[in-house]
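Residue strings, one per chain:
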Amino acid sequence: MQQWTRRTRPLLESIMRRYERCAMRRYVKRVDAFLLPPPDDGVRRTIRKLRLQTRSGSGRWSECIQRWVTAAIGRWGAEDLELDVEEHRVDYDFRVLDECQSMRLKRLVLINCKPIGIFDCLMLRWLTKLELCKASYYGGASRILSNCVSLVDFSIRHCRSSQPILQFSVPDSGFKKLLVDNCEFVEIYLDSLPWLETFACRGVQPTEVYYGEVPRLRHVSLDYFKTKVEPSAVSNTTYRLSKFVMSMPSIESLVLQFKGPEVWIEPIALPSPLLHLKKLFIANVPMNWDIFWIVLLLDAAPALEPCHVHIDNGSVKMASWLEVQAQQHLYHRLKDLTIVGFSAVGWQIGFVKHVMKASPRLRRVHLIDGHVVEDDDEQVIGGLEVVPHQWEWHEFERSEVLDDLRDGIYSPQLEIILD
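Just so you know, these numbers come straight off a predicted model, no measurement behind them. (Residues numbered from 1 in each chain as written. Predicted model: local features only at pLDDT ≥ 70, side-chain atom pairs only at ≥ 80, totals over all residues. Heavy atoms only, no water.)

Asks: Looking at this structure, I do not really get the pattern of salt bridges. What am I missing?
Replies: Between side chains of opposite charge, a pair can form as their charged atoms come close. Here the structure, examined in full by the defined rule, presents 17 salt bridges. Of the charged contacts in the structure, one is a salt bridge between aspartate 84 and arginine 51, with a shortest N-O distance of 3.4 Å. Placement of the pair is aspartate 84 in strand E2 (residues 80–85) and arginine 51 in strand E1 (residues 49–54), with a sequence separation of 33 residues. Looking at aspartate 84, the relative accessible area reads 9%, which means it is buried. (Salt bridge = Lys/Arg side-chain N within 4 Å of Asp/Glu carboxyl O. Helix = DSSP H or I, 4+ residues; strand = E, 2+ residues; numbered from the N terminus. Buried < 20%, exposed > 50% of the residue type's maximum accessible area, 1.4 Å probe, protein only.)

Asks: Looking at this structure, how should I read the packing of aromatic side chains?
Replies: Remark: the centre distance and the inter-plane angle together describe each pair of aromatic rings, the angle taken between the planes. A full pass over the atoms with the stated rule returns 15 aromatic pairs. A centroid spacing of 5.5 Å and a plane angle of 50° characterise the contact between tyrosine 224 and phenylalanine 244, whose relative ring orientation is tilted. Highlighted residues: tyrosine 224 in strand E13 (residues 219–225) and phenylalanine 244 in helix H4 (residues 242–245), separated in sequence by 20 residues. The buried category is assigned to tyrosine 224, whose relative accessible area is 0%. Taking the relative accessible area as the measure of exposure, phenylalanine 244 reaches 3% and is therefore buried. Ring centres of phenylalanine 342 and tryptophan 393 lie 6.5 Å apart, and the angle between their planes is 40°; on these two criteria the pair is classed as tilted. Of the two residues, phenylalanine 342 sits in the loop between strand E19 (336–340) and helix H6 (346–357) while tryptophan 393 sits in the loop between strand E22 (384–388) and helix H7 (395–406), which places them 51 residues apart along the sequence. Taken together through their ring pairs, the aromatic side chains of Tyr224, Tyr239, Phe244, Phe258, Trp264, Trp289 and Trp293 make up a single cluster. Lying across the ring of phenylalanine 119, arginine 143 places its NZ or CZ 3.9 Å from the centre. (Phe/Tyr/Trp six-rings, centres within 6.5 Å; stacked < 30°, edge-to-face > 60°. Lys NZ or Arg CZ within 6 Å of the ring centre and 35° of its normal.)

Asks: Which parts of the structure should I look at to understand unusual backbone geometry?
Replies: Negative phi values dominate among residues other than glycine, just as trans dominates among peptide bonds. The phi angle at asparagine 182 is positive, at roughly 50°, despite the residue not being glycine. Mapping asparagine 182 onto the fold places it in the loop between strand E9 (177–181) and strand E10 (187–192). Despite not being glycine, serine 247 has its phi angle at roughly 65°, a positive value. For serine 247, a relative accessible area of 44% translates into the label partly exposed.

Asks: Mind showing me how you'd approach a positive patch on the surface here?
Replies: Judged by side-chain charge, Arg17, Arg18, Arg21, Arg25, Arg26, Lys29 and Arg30 come together as a positively charged surface patch. Examined against the element boundaries, arginine 17 turns out to sit in helix H1 (residues 2–35). (Patch = residues over 30% accessible without salt bridge, like charges linked within 9 Å, V, L, I, M, F, W, Y side chains within 5 Å. Areas by Shrake-Rupley, 256 points an atom, 1.4 Å probe, with all protein chains shown as cover. Lys, Arg positive; Asp, Glu negative; His and termini not counted. Charge placed at Lys NZ, Arg CZ, Asp CG, Glu CD.)

Asks: What is the right way to read the nonpolar core from this model?
Replies: Nonpolar side chains in soluble globular proteins tend to be buried together. Counting residues in each nonpolar core, the largest one holds 118 residues, and the members touching the most others are Leu130, Phe154, Phe168, Ile188, Leu190, Phe199 and Phe258. Considering every element that reaches this core, the biggest residue donor is helix H2 (residues 60–75), with 8 residues. Not counting the four nearest positions on each side in its chain, isoleucine 188 is found in contact with Leu166, Phe168, Val180, Phe199, Cys201, Thr207, Glu208, Val209 and Tyr210. Membership of the second largest hydrophobic core comes to 6 residues, among which are Val255, Phe281, Val340 and Leu384. (Core = buried A, V, L, I, M, F, W, Y, C linked by side-chain atoms within 4.5 Å. Contact = heavy atoms within 4.5 Å.)

Asks: Just to check I follow, could you spell out helix H5 (residues 292–299) for this structure?
Replies: Along H5, 7 of the 8 residues are buried, which leaves the element largely enclosed by surrounding structure. Those residues of H5 hidden inside the fold are in contact with strand E15 (253–259), strand E16 (265–266), strand E17 (279–286), strand E18 (306–312) and H6.

Asks: Explanation requested: the sheet that holds strand E8 (residues 165–169) in the structure shown.
Replies: Sheets are built from strands that pair by backbone hydrogen bonding, the pairs being arranged parallel or antiparallel. Reading across the sheet, the 3 strands line up as E8-E10-E12 and stay open at both edges, with parallel pairing between neighbours. In the strand order of this sheet, the two ends are held by E8 and strand E12 (208–213), each with one partner. Going across the sheet, the axis of each strand differs from the next one's by a mean of 10°, ignoring polarity. Across 5 bridges, the pairing between E10 and E12 is parallel. Along E12, the bridge assignment pairs isoleucine 188 with valine 209. (Pairing = 2+ DSSP bridges. Axes fitted to C-alpha atoms, helices over the stretch in contact; angles between N-to-C directions.)

Right, dumping it as structure tokens:
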């Protein structure tokens, strides 16, 4: 069998390559016939969105993509273009589009495509949304944003840049949304972004963010998953909560997702309060984590009104709850508390009762047996959506849980909903 395999494998591989080349030639002819008809054939069409996906950007593919993108944007007026190259990176020179007429491109997504001439291409001045993925980003974020003067939404995803620091300093830029997703930056500086309103950062390792002149920034979402450090001889690194939430300006809405197999958030009080924070959503808290750091975050937010905490029931170990005796803070403005993933275990009831006792204006406590998913709405960066389960509480269990929660608490205006 081994001898037969050695003899037949080269033959089969050559046959497969021949069929692949034949299939690709047919594919190229069909796309050419659609995008590159002669100008005098009477064809009149409008392309609003075009998505090109290929497994290789080398050789003839690069030339084909160059022709297709130019025709789609410059000739047919594409408004939405996605270029996805899975293997070898492809280069595209956007400066060739400056000679085209009737440009309508508003959204551009480049995956593993190096945008040549993006710093001074006139066409990109009308972009409203730009997304650079993988090898599409080679630094120079400030120069890109300075050229895209109409940009509203800017995203960098899966960047493996050798530069450890990502810095934004664009005082003339008017973009409002920024997403940094699974990039290998150690530090991010938001130095001068006068119109930025929403910022989201996701990654497998925590990234420290420094906030400079961002007077309009109101919504921040931080989603970090810290893996276990190997080898075991190296101790796991822990971080103070102030590393991520301090130095924030007038932040009104904060979404936190701190995950990992082991606790890496130190339960240490914040040195200064978050005076402007009004909405807090803490998602995917592992059940084996100590949730005392959440209490410290509540203590540092005197203007907080609604608070949502999602507990990830996928963990097997159970967290513990100790009665908080030191520094009993009052949450004077808290009106709404929502716990997602509530299963009525002792530490969950203890946490809810602590918040109820410390919130004189609390009007509604909503306890949901459900989970949290990412919001599909592209307009919401870092948005989360609560999906309730269909499981129904038995009337005896419901009565018992409600009695435990109300024990020792007199607040006739408080409504407790158990779903």
